[in-house]
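Descriptive structure summary
Given next are the chains, with one letter for each unit.
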Amino acid sequence: MNRQAKGKTPRRPPRNPPSSQKDPVGVYCRVRPLGVGDEECCIEVISNTTIQLHAPEGFKTNRNGEYKETQYSFKKVFGVSVSQMELFEHVAKPLVDDLIHGKNGLLFTYGVTGSGKTFTMTGSPGQGGLLPRSLDMIFNTIGPYQTKRYVFKTDDKNGMEIQNEVDALLERQRRENNLPAPKTTSSRQKLDPEIADMIKPEEAYKTDGVDEDSSYSVFVSYIEIYNNYIYDLLEETQEDVIKPKWNGGGTPVRQNTEFVPPQSKILREDQNHNMYVAGCMEVEVKSAEETFQVFWRGQKKRKVANTRLNRESSRSHSVFIIKLAQAPLDADGDNILQDKNQVTVSQLCLVDLAGSERTGRTGAEGTRIREAGNINQSLLNLRTCIEILRENQMCGTNRMVPYRDSKVTHLFKNYFDGEGKVRMVVNVNPKADDYEETLLVMRFAEMTQEVEVARPADRPICGFTPGRRHRNQAFKDELSRKLEERGGPIDRDLPSVINHLVFSLPPLPSSEVTDPHDDITLPRLIEALQNRHRIRQMMIEEYNKAAFMMKSTLQNMDSNLISKDNFIHEQNGRLVEKDKVIQSNKAEIERLEKKNKMLELKIDILQKTTKTYEGDKRSLQQELETREQRLQRELSEKRRMEQRLHGVVSDTQHKWEKECERRVNAKQLEMQNKLWVKDEKLKQLKAIVTEGKTPGRPDPPPRQTQPHPQRPSRDERLPAKRSASPSPIPTTTPVRPLHRRSRSAGGEKWVDHKPASSLDLGTVLQPVIPNAIQVSTPSEKALSKCDRYVLTHQEVASDGEIKTKLIKGEVLKTRGGGQSVQFTDIETLKQELTTVPGRKRKSSEGTPANSNRTDGAWTDVETRCAVAMEMRAGSNMGPGLEHLGVTKRRKP
């Protein structure tokens, strides 16, 4: 058997068309005082409508790491010093006024766990909350006009029935017989000490303009929504007496009763499409004390638990429903009109929502985690419904509002559809630990304020003449006064009045006749009856006169009433005209409100656009400032680079000028040396030729030779001093250069860096540097004490010999406080080995003068010993050694 899929309930049009006028949801904010152990506060009250949230230390909301402060506006903000009475006057008092005038209302508290929601709703002794003050105001207003019990009776379908006085009396007797005898008689003695004296007498309120021609009765019910199930807190605890244990004799051993857990209730829809809890107990109450006693009885059954954040944390949403039934009096103003259609039922729902919480902070485990998840889910469904309502109203969409996803939203869907006013009190805790949760609560409250609810319509006015109760009471008072003046009974029933009249007549004489000739008894009886008849006639006349006077009085009152009715009719005509004017004014006001709303919407759009532009402007300004700073840094870096490059160019230019001067001088010296070598060769050739002549041989023909060059003096052999510009090439004859003294012989302090791997070549000429610190590895301490630096470097030359380089430089101080070395000169030392013949070659055995030989081939040992060496820094002539072959002066 295939089961048909369950579809959604189709929408049905409401019974009464919703009003075109709408009011936004009234959202109020109440700030709880900071706890004793809390030091950091994250909420500041700016004005009576605005609060500001400060991010606590260590919490960053922007990407750039800056703290962000946000402001939120409400209809009214109540600080820590606001009393419960002032809160009630602004929030709940208008809802109680609407309740007495036949309109519905919904008030619920919302906030993080431990923010003071239950205290706001219930209060404490001496500081009654919204609920006890609302009850006190209701009964202060309708106290004289309440009906007796069971005149109004619920029909278990969210409706109300009316019973006459007789049925109500029988119902009362039946109920009183079934109830156990009360322990105390005084209602004050029944009060729990925890709820006694919630409201002071001077803080009592009363509604003005109550309809005196109606009778009222109050019914209350109290439910809780726990884990998305509805339970009745006023339901009496039942025990299962069906399962006792019996012994063998057939008698129960003990009363083994088992507790039956309460059954969850279901939601139903009545004939007016309003949601109600089916099977919920509704208790008729007659005083504020009795009502609060009923509330406290259910409050003790509510689910609470101890968490890390709250000692008595509510684990369920509680709903206290106050239902007020009222019906008009009949035309005489004495009894209630027996017409069910004339009964008006209004209700006020006071909801204490459980606080949203994070299980990580509350330390919840097991059942507490499941409870917290259901609480957060129901609050999330409430936020979703509010958000979709706001979207439908602002954007004109028609999305389905998911009321059925949660019992809380499903129960109160009628209020958001226009069945009454909706108000919300947002409770916040200013401590820094609740900052993130408080931020989410503020966003939800800001979104809720934008939802508009249709204004409920006024109840129809009964067609009877107003003031009926007052006139009936005045008539009874006047009748009692007249009877009192005439000695008649006051406030007595009919048998006592008859007995009084009978006893006021003269007594009858004895009417017993024993003698037929008795002529005294009958005449005496006749006389007594005549006297009684005469007295009766006098009483009838008196009563007729009183009735006539009463009739004339009533006629006068009727004439006065007719004149007053005519006056009232005239005033009603004027009121009709005034109503037309008011309607036109209302239409104009509505048009202006729409226009104002459109302008406000445009202003909001312009403000958002302005904020966007201002944000873009600030970001562009910041970017411009950043780029300007970067440009300034680049310009300063460019100037420093130009100065550095200018210095480097100047140093390089000076260095290359010196290098060019050195190279020119080296080239001059090279050319002079070559010219001198050639002259020496010619002179030696001439000497060989001259010494080779023998006495037996003829002299060879004379040969034209050049004159012997004079040996240059020491001053002529010294090289020219270097200058910044290259010196001109000298035109004088070359001189024999001597060994140039190394610059390291000055008075400057040197760092002599000789690596440990250097070899001792055992040469005669060794570089000697006076006033030097010899190190194998340079250190910052050694460099800081000297201003010159020399490095001894050995390497193998191309011919296999070891070549030694002395790399010199200047020690410069850096900006960071260190030292750096700038190399400026290189000196090269090289050792050469030549092939020496076995004997001294005679000059006669020499080869021709023009034969090709090396420099060492044409000199002997004596000649080679006369060769001098001079190191020339940066010379391009081979390994850096210049061979100056100068013939040793021979003895004649």
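Cut-offs applied
Residues numbered from 1 in each chain as written. Predicted model: local features only at pLDDT ≥ 70, side-chain atom pairs only at ≥ 80, totals over all residues. Heavy atoms only, no water. Helix = DSSP H or I, 4+ residues; strand = E, 2+ residues; numbered from the N terminus. Buried < 20%, exposed > 50% of the residue type's maximum accessible area, 1.4 Å probe, protein only. Contact = heavy atoms within 4.5 Å. Phe/Tyr/Trp six-rings, centres within 6.5 Å; stacked < 30°, edge-to-face > 60°. Core = buried A, V, L, I, M, F, W, Y, C linked by side-chain atoms within 4.5 Å. Salt bridge = Lys/Arg side-chain N within 4 Å of Asp/Glu carboxyl O. Patch = residues over 30% accessible without salt bridge, like charges linked within 9 Å, V, L, I, M, F, W, Y side chains within 5 Å. Areas by Shrake-Rupley, 256 points an atom, 1.4 Å probe, with all protein chains shown as cover. Pairing = 2+ DSSP bridges. Axes fitted to C-alpha atoms, helices over the stretch in contact; angles between N-to-C directions. Left-handed = near helix turned anticlockwise from the far one by under 90°. Nonpolar A, V, L, I, M, F, W, Y, C, P; charged D, E, K, R; others polar. Expected span 1.5 Å × (residues − 1). pLDDT = per-residue confidence, 0-100.

Right, let's talk about the overall build of the protein chain for a bit. The helix and strand tally for the protein chain stands at 18 helices and 31 strands. The buried share among the 892 residues of the protein chain stands at 33%. Considering only contacts within the protein chain whose residues lie at least 6 apart along the sequence, 69% involve residues at least 24 apart.

Moving on to the packing of aromatic side chains. In this structure the tally under the stated criterion is ten aromatic pairs. Between the aromatic rings of Tyr222 and Phe295, the centroid separation amounts to 5.0 Å while the plane-to-plane angle is 35 degrees, which identifies the pairing as tilted. Note that Tyr222 is positioned in strand S12 (residues 214-226) and Phe295 in helix H7 (residues 288-299), a separation of 73 residues in sequence. Assessed through its relative accessible area of 1%, Tyr222 is described here as buried. What makes Phe295 buried here is its relative accessible area of 2%. Measuring from ring centre to ring centre gives 6.0 Å for Tyr789 and Phe823, while their planes differ by 65 degrees; the resulting arrangement is edge-to-face. Here Tyr789 is found in strand S27 (residues 788-796), whereas its partner Phe823 is found in strand S29 (residues 819-830), with 34 residues between them in sequence. Exposure remark for Tyr789: the relative accessible area of 7% places this residue in the buried category. Judged by relative accessible area, Phe823 falls into the partly exposed class, the value being 44%.

Judged by nonpolar contacts, the single largest core of 56 residues is most densely connected at Ile51, Phe74, Phe412 and Met442. Aside from chain neighbours lying at most four places away, what touches Phe412 is Leu106, Val319, Cys349 and Val351. One finds Phe139, Val220, Tyr222 and Phe292 within the second-largest nonpolar core, a separate group that totals 43 residues.

All right, on to the pattern of salt bridges then. The final tally for this structure, using the stated rule, is 27 salt bridges. The salt bridge partner of Lys323 is Glu282, with a shortest N-O separation of 2.8 Å. Taken together, the residues Lys323 in strand S21 (residues 317-328) and Glu282 in the loop between strand S17 (275-278) and strand S18 (283-285) connect sequence positions 41 residues apart. For Lys323, a relative accessible area of 5% translates into the label buried.

Taken together, the side chains of Phe475, Leu479, Leu554 and Met557 define a hydrophobic patch exposed on the protein surface, amounting to about 340 Å² of accessible area. Only helix H13 (468-485) and helix H15 (521-691) provide two or more residues apiece to the nonpolar patch. For Leu554, the location among the structural elements is in helix H15. The class for Leu554 is partly exposed, based on a relative accessible area of 34%.

One open sheet holds the five strands; their spatial order is S26-S25-S27-S28-S29, and the pairing between them is mixed. Edge positions in the sheet fall to strand S26 (772-775) and S29, since each has one partner strand and no second. On average, adjacent strands in this sheet sit at an angle of 25 degrees to one another, irrespective of strand direction. Taken together, the four bridges between strand S25 (residues 750-753) and S26 define a ladder with parallel strand orientation. The partner of Trp750 across the bridge, within S26, is Ala772.

A word on the packing of helix H4 (residues 130-142) against H7. To characterise two packed helices, one gives the angle between the axes of the helices and the distance between these axes. With their axes 9 Å apart at the nearest point, H4 and H7 run at an angle of 150 degrees to one another. Here H4 runs over H7; the crossing is right-handed. Two secondary-structure elements touch here, H4 through Leu131, Pro132, Leu135, Asp136 and Phe139 and H7 through Ala288, Thr291, Phe292 and Phe295. A class-by-class count of the residues in the contact of H4 with H7 yields seven nonpolar, one polar and one charged.

Relative to the 16 Å expected for twelve residues at 1.5 Å per residue, H7 spans 16 Å between its end C-alpha atoms, a close match to the ideal helical length. When H7 is considered as a whole, its buried residues turn out to be Ala288, Thr291, Phe292, Val294, Phe295, Trp296, Gly298 and Gln299. In this structure, the buried side of H7 is in contact with helix H3 (117-121), H4, S12, S18 and S21.

This part covers helix H2 (residues 93-100). By the criterion of burial, H2 is predominantly enclosed, with six of the eight residues buried. Three or more residues of H2 are buried, namely Leu95, Val96, Asp97, Asp98, Leu99 and Ile100. Positive phi shows up at Gly102, right after H2, with a value of about 90 degrees.

Let us now look at the sheet that holds strand S5 (residues 70-73). If you trace the three strands from one edge of the open sheet to the other, you get S3-S4-S5, paired in antiparallel fashion. The open sheet has two free edges, formed respectively by strand S3 (43-45) and S5, since each of these has just one partner strand. Each adjacent strand pair in this sheet contributes to an overall mean axis angle of 25 degrees, direction not counted. Two strands pair when backbone bridges link them, and S3 and strand S4 (residues 50-53) are joined in this way by three bridges, in the antiparallel orientation.

Right, let's get into the pairing of strand S16 (residues 266-269). In terms of strand pairing, S16 meets S17 through four bridges, oriented antiparallel. The residue of S17 that forms the bridge with Leu267 is Val277. What sits between the antiparallel neighbours S16 and S17 is a turn of five residues, in which His273 has the positive phi angle 65 degrees.

Backbone geometry follows two general trends: most residues other than glycine have a negative phi, and most peptide bonds adopt the trans configuration. Of note in this structure, Asn227 is not a glycine but carries a positive phi near 55 degrees. Residue class for Asn227 comes out buried when judged on its relative accessible area of 10%. With a phi close to 55 degrees, Asn771 is a non-glycine residue in the positive phi region. The topology assignment puts Asn771 in the loop between S25 and S26.

This part takes up the confidence of the model for the protein chain. Taken as a whole, the protein chain shows an average pLDDT of 76; of its residues, 73% reach a score of 70 or greater. Note that residues 181-189 has pLDDT below 50 and, in this model, three contacts with residues that lie over four places away or in other chains. Confidence drops under pLDDT 50 across residues 238-259; counting only partners more than four residues distant or on other chains, this segment forms 22 contacts.

A few words now on the side chain of Lys103. Mapped onto the secondary structure, Lys103 falls in the loop between H2 and strand S7 (105-111). In this structure Lys103 touches Asp98, Ser346, Gln347, Pro456, Ala457 and Asp458, once residues within four positions along its chain are discounted.

Right, let's get into the environment of Gln326. Take Gln326: it is sitting in strand S21. Look at Gln326 and you get buried, because its relative accessible area is 1%. As a C-alpha pair, Gln326 and Asp211 span 115 residues in sequence and 9.6 Å in three-dimensional space.

Taking every second residue as pointing to the same face, both faces of S4 are buried, with Thr50 and Gln52 on one and Ile51 and Leu53 on the other. Following S3, the chain reverses through four residues before pairing antiparallel with S4.

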